[in-house]
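# Residue-level structural notes
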Amino acid sequence: MTPTATIKELIEKELHDYDPDAGNLRSVGQVIPMPADWHRLLLKEFRAALIDPYEVETLFSGGMTATCWAVTCSNGAYRVIYIPWAEMFSLAVESKFGPVDIGVHGDAVSVFGSIH
């Protein structure tokens, strides 16, 4: 399976398993349960931001760079990337040097939801 297909499959499984009505089971910030409407809006906006994954050189703390995969379009400040060697998604801030990992890691929807 290609990297692009693998990433799309991971995201599709997440979307399939995400239950907006289980808002009390998903929380953000200081473990505050969010209402089902918030989760429905998050899923709608996440789906709208999804793109066909493509490789992006990403900067990590300590000056390390690695090839990752952009999975959402940029909102002008942030985008979600997939870190293949860590097998997780990350929030990256946009910079003139390309995406910079800012240490927000996890599943794609939760990472996207951290700026929602």
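The sections below set out a description of the structure shown in this document. (Residues numbered from 1 in each chain as written. Predicted model: local features only at pLDDT ≥ 70, side-chain atom pairs only at ≥ 80, totals over all residues. Heavy atoms only, no water.)

### Remarks on the pattern of salt bridges
Summed over the entire model, instances satisfying the criterion amount to 4 salt bridges. Note that Lys8 and Asp52 form a salt bridge whose closest N and O atoms lie 2.8 Å from each other. Linking Lys8 in helix H1 (residues 3-17) with Asp52 in strand E3 (residues 50-59), this pair joins segments that are 44 residues apart in sequence. Given the relative accessible area of 37%, Lys8 is considered partly exposed. Across the pair Asp17 and Lys13 runs a salt bridge whose closest N-O atoms are separated by 2.6 Å. One end of the pair is Asp17 and the other is Lys13, both in helix H1 and 4 residues apart, which spans about a single turn. Residue Asp17 is classed as partly exposed on the basis of its relative accessible area, which comes to 45%. Judged by relative accessible area, which is 53%, Lys13 ranks as exposed. (Salt bridge = Lys/Arg side-chain N within 4 Å of Asp/Glu carboxyl O. Helix = DSSP H or I, 4+ residues; strand = E, 2+ residues; numbered from the N terminus. Buried < 20%, exposed > 50% of the residue type's maximum accessible area, 1.4 Å probe, protein only.)

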